[in-house]
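Residue strings, one per chain:
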Amino acid sequence: MDRPKRDLLPRPGLDIDGQRRAWLESTDGHTIALASDYPRGYLVNKHRHSRAQLLYALAGVVTVSTGIGRWVVPAGHALWIPAGIEHAVEMLGRVSMRSVYVMPGAIGGLPEGIRVVAVTDLMRSLVVEAVTLPLEHEPMSRAGLVMALMTLEIPRLPERPLGLAFPAEPRLAMLCRRFLEHPSPHARIDEWADQLAMSRRAFTRAFRRETGLSLSAWRQQACLFAALPRLAAGEAVTSVALDLGYESVAAFTTMFKRMLGTPPSHYLRETREGGAGLG
C-alpha cells in the first residue's frame, strides 16, 4: 500500500487520535517517524497501536496513563510503549512531540515493557531528522539508513526511573492517591500500615507485591513526578523543594540527581533550550 505524503497526515484538532491511528494501521514500513505539536492541556484519549511507540518529548512535559501505572515524560526523555498497550496521553504545557512507531520484531532487543528513557544526543539528531524524511525510501538510501540506525539505537537508550506504578488493591490505591495530592518525602511505612490496620511486615510485602517497589522508592518517584512539571513551567527550585516538604534545597537536589543523574539546574537549562521557539 502506498504511503500518503506528510502534508496529508492528520493534525491536532482533526481527531488526531482517530485519523492518525487509522493511517498508521494502514501504512507499510517497519519504522515510521512523525512530528506533532500540541497546546497546553491537550488530551489524547485511551487508544492502542499495532506498532510499538517511542514517544519523545522534544519540548514540554507529557504524562501517559495505562492500566498499570502512570509515567511522566519530561523534555529530553521518551517513553517506550510496546505494541497493543492501551494508553492515554496528557500534555502539561505546550508540547513538541516526536514519535517513532516500530513494528514488533523489526529488530532484536527491543524493550518488552513500558519504560522512560533518556534520549541521547545521537538519538535526538536521528529523530529530528527522521520526521523530515520521505515516507517512501529505499533501504540503502540516506533516509533508509537514518531510519535503520534510529531503530537500532532504541534498545541502547538509558532507562530513567520516571514510571509510577499504581497498586490495584483499593485500600493501597487510596493511600497512593492521597499522597499524590500532597506529596512529601516524610511518608512513613508505620503510618501507612497503621491506616490499613496491618503490621509493618505485612504492609511492606503487600506494597512491593502491588507496585514492585518499596514505599521509600515509590515515594521518591512520586515526589519527582510532582516536581518535574512545576520545574518545566519555570518555578524556582527552592519553591518546589520546600512545597514538597524537603528541609533544604540541597536535600531535594540530592534526590533529584540520584533519580535523574543531573541536578535540577541542569534539567531546567536543558528544558528551556529544548523548548525554544514554542512560545
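Keep in mind that what you see is a predicted model, and the values were worked out from it rather than measured.

Undergrad: Looking at this model, I keep getting lost on the side chain of Arg98. Mind explaining?
TA: Summarising the element assignment, Arg98 is placed in strand E6 (residues 87-102). Within the structure, Arg98 has its side chain in polar contact with the side chain of Ser96 (distance 3.2 Å). Leave out the neighbours within four places in its chain, and Arg98 touches Leu34, Ala35, Ser36, Asp37, Leu54, Leu55, Tyr56, Leu58, Val127 and Val131.

Undergrad: Is there a simple way to think about the packing of helix H7 (residues 215-232) against helix H9 (residues 249-260) in this case?
TA: Packed helix pairs are specified by the crossing angle of their axes together with the interaxial distance, meaning the distance between the axes. Contact geometry for H7 and H9: axes closest at 11 Å, N-to-C directions at 100°. Of the possible angle classes, the one that applies to H7 and H9 is roughly perpendicular. Contacts from Gln220, Gln221, Leu224, Ala227, Leu228 and Leu231 in H7 reach Phe252, Met255, Phe256, Arg258, Met259 and Leu260 in H9. Looking at the contact of H7 with H9, its residues break down into 9 nonpolar, 2 polar and 1 charged.

Undergrad: Can you walk me through the packing of aromatic side chains in this structure?
TA: Both the distance between ring centres and the angle between the ring planes are used here to describe each pair of aromatic rings. If you walk through the whole model with that rule in mind, you get 10 aromatic pairs. Judged by centre distance (6.2 Å) and plane angle (80°), the rings of Trp192 and Phe207 are edge-to-face. With Trp192 in helix H5 (residues 189-195) and Phe207 in helix H6 (residues 200-211), this pair connects stretches of sequence that are 15 residues apart. A relative accessible area of 1% means that Phe207 is categorised as buried.

Undergrad: Any chance you could explain the side chain of Thr31 here in plain terms?
TA: With respect to the helices, strands and loops of the structure, Thr31 is situated in strand E1 (residues 31-38). Only 2.9 Å separates the side chain of Thr31 from the side chain of Thr151, close enough to count as a polar contact.

Undergrad: It is not clear to me how unusual backbone geometry should be interpreted in this structure. Could you clarify?
TA: Residues apart from glycine generally show negative phi values, whereas peptide bonds are mostly found in trans. Not every positive phi belongs to a glycine, and Ala197 is a case in point at roughly 55°. With respect to the helices, strands and loops of the structure, Ala197 is situated in the loop between H5 and H6.

Undergrad: Whenever I open this one, the pairing of E1 confuses me. Can you help?
TA: Remark: a regular strand shows side chains that alternate across the two faces of the sheet. The buried count for E1 comes to 6 of 8 residues, which makes it a mostly enclosed element. Relative to E6, E1 is paired through 8 bridges, and the arrangement is antiparallel. Paired with Leu34 across the bridge in E6 is Ser99.

Undergrad: Got a minute to help me understand the nonpolar core in this structure?
TA: Where a protein is soluble and globular, its nonpolar side chains tend to be buried together. Counting 55 residues, the largest nonpolar core has Val62, Met91, Trp192, Trp218 and Phe252 as the members making the most contacts within it. With 9 residues, H7 is the single largest residue contributor to this core. The two domains that each donate at least three residues to this core are domain 1 (16-156) and domain 2 (166-274). In contact with Trp218, other than residues within four places in its own chain, are Leu164, Ala165, Cys176, Phe179, Leu180, Trp192, Phe207, Thr211 and Leu213. Within the second largest apolar cluster, 24 residues are counted, among which are Leu54, Tyr56, Val117 and Ala143.

Calculation notes
Residues numbered from 1 in each chain as written. Predicted model: local features only at pLDDT ≥ 70, side-chain atom pairs only at ≥ 80, totals over all residues. Heavy atoms only, no water. Helix = DSSP H or I, 4+ residues; strand = E, 2+ residues; numbered from the N terminus. Polar contact = N/O pair within 3.5 Å; in protein donor to acceptor, adjacent residues only side chain to side chain. Contact = heavy atoms within 4.5 Å. Axes fitted to C-alpha atoms, helices over the stretch in contact; angles between N-to-C directions. Parallel < 35°, antiparallel > 145°, perpendicular 65-115°, else oblique. Nonpolar A, V, L, I, M, F, W, Y, C, P; charged D, E, K, R; others polar. Phe/Tyr/Trp six-rings, centres within 6.5 Å; stacked < 30°, edge-to-face > 60°. Buried < 20%, exposed > 50% of the residue type's maximum accessible area, 1.4 Å probe, protein only. Pairing = 2+ DSSP bridges. Core = buried A, V, L, I, M, F, W, Y, C linked by side-chain atoms within 4.5 Å. Domains from an automatic or database assignment.

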